[in-house]
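Residue-level listing of the chains:
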There are 2 protein chains.
Amino acid sequence: MRVAGLISGTSVDGIDVAVLDIDDHSMSLVCSGSTPYPPEVRGAILAMSNANTHTPAISRLNFLLGELFAEALREVCDRTRTPLQSIDLIGSHGQTIFHEGEPAEFCGRRIASTMQIGEGAVIAQRIGVPAISDFRVADMAAGGKGAPLVPFLDYRLFRSETVNRVALNIGGIANITVIPSGGKAEDVVAFDTGPGNMIMDQLSPPYDSGGEKARAGVVNHELLDRLLEDPYYSTPPPKTAGREQYGPDFLARTGIDITTAAELTARTIAMAIHDYQAEEVIVSGGGVHNRFLMERIGALLPGIRVATSAEYGMDIDAKEAVLFAVLAYESWFARPCNVPSATGAKRAVVLGKLSR
Amino acid sequence: MRVAGLISGTSVDGIDVAVLDIDDHSMSLVCSGSTPYPPEVRGAILAMSNANTHTPAISRLNFLLGELFAEALREVCDRTRTPLQSIDLIGSHGQTIFHEGEPAEFCGRRIASTMQIGEGAVIAQRIGVPAISDFRVADMAAGGKGAPLVPFLDYRLFRSETVNRVALNIGGIANITVIPSGGKAEDVVAFDTGPGNMIMDQLSPPYDSGGEKARAGVVNHELLDRLLEDPYYSTPPPKTAGREQYGPDFLARTGIDITTAAELTARTIAMAIHDYQAEEVIVSGGGVHNRFLMERIGALLPGIRVATSAEYGMDIDAKEAVLFAVLAYESWFARPCNVPSATGAKRAVVLGKLSR
């Protein structure tokens, strides 16, 4: 086997390369050499390696979340009396702490990136089962936006020969998968429509139960109209939205109230669905529990049947976790499982990284 | 196959779990549920997900370094006329930006962690060859310190039936592997001795060529004696040292000069080797080019033969990159390749995460 090895050490002077011909008994060096880092990059690495940054917290959080994800699996299995030893494989999305689908200027290059933490090696060691993690990076490396990944599951679950369907998931961010009747996987269109629960959740933590607070208020139409002018909503897919778009900065800047937030959420979802000839919308995610939001979405989509994924045998709240079990299964067999028409990737690639 | 899926979404409210029985044609949900984050952890995640942290820079740097590592491999292959298409597999250590072998208090737990960046999925996509990265995390997840990893290679290269050998690598940090004659892999002792080139490099960037600046100065013995009292040097192995121990803070705090830095480096290396019955020391790493440092190490180890790894067919500068080619080869066949006696791990584990 001819294997390349790459490292940059604590000196941060550049990247050392060695190419080796190796078998179980012998090895011989084919070539080696090193290339220096551009000074700007070396500066950025040194700045991030300094103890006075957030780097220690991110590194510790990555390992801590690995422990918590393993404990979550153990706890849910205990609670539901599912033998932990019956599990063959784990797929863990982890926690996104940064996602930037569009390239940003960085050290003289244009770089798109995403970062999920919750160390897969910790999960694999704690449960004693192989764990696949980091599902978004390969799609992004292939030129995609790393999201949405759910179309693979939506297509597998909801494709129909006769009905034009849209799968809508309302998590922190809302996203839709458009599945034309009789369409192939590559005909699927999918994107983040904008906010899901996250603006409302921040205004009424942990969440506005049933949407009752939102129902009790009135919409600030002037603010709503202004917010709907955000070019994100009229940008054609593929596109992804992230925490940073609707986080504390958004709240502070706009002074939005919870009723206007609910209306913004419903309107941006309905606007996105309106662009396609949907006959049925199948909703999943925590947003389904927000009755007020569901009513508003229904009212904004006259003539379209609004169902929940539960009617199709898919637990409303489990769908996203199911997705990462399905993607892990595909990854285990080295089968590509991104949907390039949804993420914008140049090609279908195997997602996830295996820790044993 | 029974596969578990885990996710925490943009709402950051907790960890969703789903366990699925799945084959290529059908799937059924075995159990699902979720567990909330402890409030402290949720707070830490939200703090790290905010745009006003270093998180964006780390995420972008991770992807940028993936590009640069792929380019480094391409460039070295071009330069040495090694066909890129002849490579079967890549092992990339990446760049360590944080390493904490000892657990630290974090969100009410004790967490040891390490973080290497240089996205493996980017390397795999750019070269079109599977890439294995993140070699240190599995060892740490198994209770080890994630370092040193080089003993696996040292043992394979330098074990002898008749000679007690010590392999010494002088990179940014210096580390030794003690290989008793006729010993087994589990008899190997290995640890970081303390600074390698990194203090000197910071005082004379990019490096003190041949050690001439250090040779021209005088040792500040008062400072040296004080620095040698650091309990790190007398702590028994396993132990690891990192950038943060000898970075800009160390320079500012101690006011150390380059000659004293060279002497501190040589003395801490010699002290570590003195504890074992070495007959031969085999040196590799950039430090070999520092003639003054090599002279000082030789003088501090009377009666011990000091050789370079080149005499044993191992390129002085390529050794660390060779290590990650060898570890990738082992990982590809799912064979454990940490040395628990060196890292302190509870068991031997498969290292690295595969991106295809």
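Positions within a chain are numbered from 1, following the residues in the order the chain's sequence is written. Chains carry letters from A onward and ligands carry numbers from 1 onward, assigned in written order. Local features in a predicted model are, by the rule used here, given only for residues with pLDDT of at least 70; side-chain atom pairs are given and counted only at 80 or more, and totals for whole chains, interfaces and linings are based on all residues. Hydrogens and water molecules were not included; the side-chain quantities draw on all heavy atoms of the structure.

For the rest of this paragraph, the subject is the overall build of chain A. Secondary structure follows DSSP: runs of H or I at least 4 residues long count as helices, runs of E at least 2 residues long count as strands, and numbering of each begins at the N terminus. Of the regular secondary structure elements, chain A holds 13 helices and 12 strands. Every radius of gyration here is taken over C-alpha atoms, with the globule rule written as 2.2 Å times N^0.38, N being the number of residues. Rg of the C-alpha trace for chain A: 23 Å, near the compact-globule value of 21 Å for 356 residues, within the 12% margin. The principal-axis extent of the C-alpha atoms belonging to chain A is close to 70 × 45 × 40 Å. Three exposure classes are used, based on accessible area relative to the maximum for each residue type with a 1.4 Å probe and protein chains only: buried under 20%, partly exposed in between, and exposed over 50%. Buried positions account for 62% of the 356 residues belonging to chain A. The long-range fraction of contacts in chain A, counting pairs at least 24 apart against all pairs at least 6 apart in sequence, stands at 64%. A total accessible area of about 12,900 Å² is found for chain A, and carbon and sulfur atoms account for 50% of it. In what follows, residue pairs with any heavy atoms lying within 4.5 Å of each other are defined as contacts. Accessible areas in this description were obtained via Shrake-Rupley with a 1.4 Å probe; residue shielding takes into account the shown protein chains only.

On to the packing of aromatic side chains, then. All names here are of chain A. Pairs were defined over the aromatic rings of Phe, Tyr and Trp, the Trp ring being its six-membered one, requiring ring centres within 6.5 Å. Orientation was assigned from the angle between planes: stacked under 30 degrees, edge-to-face over 60, tilted for the rest. With the rule as written, the count across this model stands at 12 aromatic pairs over all chains. Considering the side-chain rings of Tyr232 and Tyr233, the 5.9 Å spacing of their centres and the 85 degrees angle between planes classify their relative orientation as edge-to-face. Take Tyr232 and Tyr233: they sit in the same class, and that class is buried. With a centroid separation of 5.2 Å and an interplanar angle of 75 degrees, the aromatic rings of Tyr329 and Phe333 are classed as edge-to-face. For a lysine, the NZ atom is tested; for an arginine, the CZ atom; a charge sits over a ring if that atom is within 6 Å of the ring centre and within 35 degrees of the ring normal. Its end group placed over the ring of Tyr232, Lys239 keeps NZ or CZ at 4.6 Å from the ring centre.

Here the focus is the sheet that holds strand β8 (residues 173-179) of chain B. All names here are of chain B. Pairing between strands is defined by DSSP: at least two bridges between the two strands are required. The strand order across the open sheet built from five strands is β9-β8-β7-β10-β11, with neighbouring strands paired in mixed fashion. Two strands bound the open sheet, and with one partner strand each, they are β9 (189-195) and β11 (305-308). If you compare each strand with its neighbour and ignore which way they point, the axes differ by 25 degrees on average. Sheet topology places strand β7 (residues 165-170) next to β8; six bridges connect them, and they run antiparallel. To get an axis, a line is fitted to the C-alpha atoms, and for a helix only the part in contact is used. The angle between two axes follows their N-to-C directions and goes from 0 to 180 degrees.

Quick look at the sheet that holds strand β9 (residues 189-195) of chain A now. All names here are of chain A. Reading across from one edge, β9-β8-β7-β10-β11 is the order of the five strands in this open sheet, with mixed pairing throughout. Bordering the open sheet on either side are β9 and β11 (305-308), each of which pairs with just one other strand. Strand after strand, the sheet turns through a mean of 25 degrees between neighbouring axes, direction not considered. Relative to strand β10 (residues 280-284), strand β7 (residues 165-170) runs parallel, the two sharing five bridges. Counterpart to Ala167 in the pairing with β10 is Ile282.

This paragraph deals with the interface of chain B and chain A. In this assembly, 133 residues from chain B lie in contact with 133 residues from chain A. Defined here as a combined quantity, buried area equals the accessible surface (1.4 Å probe) lost by two parts on assembly, summed across both. Roughly 11,700 Å² of surface becomes buried between chain B and chain A when both sides are summed, with 66% attributable to carbon and sulfur atoms. For the chain B face of the interface with chain A, the top three residues by lost area are Leu6, Arg60 and Arg243 of chain B, together amounting to 6%. Note on definitions: salt bridges are taken to be side-chain nitrogens of Lys or Arg within 4 Å of carboxyl oxygens of Asp or Glu. At the boundary of chain B and chain A, one finds eight salt bridges. Between Arg335 of chain A and Asp24 of chain B there is a salt bridge; the shortest N-O distance is 2.9 Å. Each polar contact in these results corresponds to two N or O atoms within 3.5 Å; when the atoms are within protein, one needs to be able to donate a hydrogen and the other to accept it, and residues that are neighboring in sequence are counted only if both atoms are side-chain atoms. Between the two partners, chain B and chain A, sit 43 residue pairs in polar contact (both at pLDDT 80 or more). If you tally residues by element for the side of chain B that touches chain A, the top one is helix α2 (residues 55-79) of chain B, at 20 residues. Note on residue classes: Ala, Val, Leu, Ile, Met, Phe, Trp, Tyr, Cys and Pro are nonpolar, Asp, Glu, Lys and Arg are charged, and everything else, Gly too, is polar. Looking at the side of chain B that touches chain A residue by residue, the class counts come to 74 nonpolar, 34 polar and 25 charged. Bridge analysis of strand β1 (residues 2-8) of chain A against strand β4 (residues 89-106) of chain B gives five bridges, and the strand direction is parallel. If you follow Ala4 of chain A over to β4 of chain B, its bridge partner there is Ile90 of chain B.

All names here are of chain B. As a packed pair, α2 and helix α3 (residues 120-127) sit with axes 8 Å apart at the nearest point and diverge in direction by 40 degrees. The orientation of α2 with respect to α3, classified from their angle, is oblique. Note on packing geometry: the crossing formed by α2 with α3 is right-handed. Between α2 and α3, the contacting residues are Phe63, Gly66, Glu67, Phe69, Ala70, Leu73 and Arg74 on the first element and Val122, Ile123, Arg126 and Ile127 on the second. Orientation labels follow simple angle bins: below 35 degrees gives roughly parallel, above 145 gives roughly antiparallel, 65 to 115 gives roughly perpendicular, and whatever is left gives oblique. Less than a right angle of anticlockwise turn of the near helix away from the far helix marks a crossing as left-handed, whereas a clockwise turn marks it as right-handed.

So, about the pairing of β4 of chain B. Residues and elements named next belong to chain B. Most of β4 sits out of view: 15 of its 18 residues are buried. Strand direction decides the pairing type here: β4 and strand β6 (residues 131-133), joined by three bridges, are parallel. Note that in β6 the partner of Ser92 across the bridge is Ser133. With eight bridges joining them, β4 and strand β5 (residues 109-117) adopt antiparallel strand pairing. Across the sheet, residue Glu105 finds its bridge partner in β5, namely Arg110.

Take the side chain of Thr193 of chain A next. All names here are of chain A. By the element assignment, Thr193 lies in strand β9. When its relative accessible area of 3% is taken as the criterion, Thr193 is described as buried. Residues in contact with Thr193, not counting those within four places in the same chain, are Ala174, Asn175, Ile176, Tyr232, Tyr233, Thr268, Ile269 and Ala272.

This part takes up α3 of chain B. Residue and element names in this part refer to chain B. Of all eight residues making up α3, seven are buried, and the element is well covered by its neighbours. Three or more residues of α3 are buried, namely Gly120, Ala121, Val122, Ile123, Ala124, Gln125 and Ile127. Between the side-chain oxygen of the N-cap and the backbone nitrogen of Ala121 there are 3.1 Å, and the N-cap of α3 in question is Glu119.

With that settled, the discussion passes to the relation of the copies chain B and chain A. Least-squares fitting of one copy onto the other uses the C-alpha atoms of those residues that reach a pLDDT of at least 70 in both copies. Least-squares fitting of chain B to chain A yields an RMSD of 0.0 Å, with the transformation described by 0.0 Å of translation along the axis and a rotation of 180 degrees. Given the turn and translation reported, the copies of this chain are related as if by a two-fold rotation axis.

Definition used in this section: a nonpolar core is a set of buried Ala, Val, Leu, Ile, Met, Phe, Trp, Tyr and Cys residues joined via side-chain atoms within 4.5 Å. Residues Leu73 and Ile90 of chain A together with Leu73 and Ile90 of chain B are the most contacted members of the largest nonpolar core, which totals 156 residues. Contact partners of Ile90 of chain B, with chain neighbours within four places excluded, come to Ala4 and Leu6 of chain A together with Leu73, Ile123, Ile127, Val129, Pro130, Ala131, Ile132 and Ala328 of chain B.

So, on to unusual backbone geometry. At the junction of Ala147 of chain A and Pro148 of chain A, the peptide bond is cis and its omega measures out at -10 degrees in the coordinates. Looking at the secondary structure, you find Pro148 of chain A in the loop between α4 (137-141) and α5 (151-158). Along the chain, Pro205 of chain B connects to Pro206 of chain B via a cis peptide bond; the corresponding omega equals -5 degrees. Examined against the element boundaries, Pro206 of chain B turns out to sit in the loop between α6 (198-203) and α7 (212-216).

Every patch collects residues that have over 30% relative accessible area and no salt bridge, joining them within 9 Å if they carry like charges and within 5 Å if they are nonpolar side chains (Val, Leu, Ile, Met, Phe, Trp, Tyr). On the surface, a cluster of nonpolar side chains totalling about 250 Å² of accessible area is made up of Trp332 and Phe333 of chain A together with Met1 of chain B. Its location among the elements puts Met1 of chain B in the segment before β1 (2-8).

Below, the discussion takes up the pattern of salt bridges. Counted under the stated rule, the structure contains 40 salt bridges over all chains. Among the ionic pairs, Glu105 of chain A bridges to Arg110 of chain A, the shortest N-O distance being 3.8 Å. The exposure classification of Glu105 of chain A matches that of Arg110 of chain A, with both residues exposed. Linking Glu119 of chain A and Lys353 of chain B is a salt bridge whose minimum nitrogen-to-oxygen distance equals 2.7 Å. Of this pair, Glu119 of chain A sits in the loop between β5 (109-117) and α3 (120-127) while Lys353 of chain B sits in strand β12 (residues 353-355), placing the two residues on different chains. A single network of salt bridges, built from pairs that share partners, joins Arg165, Glu280, Arg305 and Glu311 of chain A.

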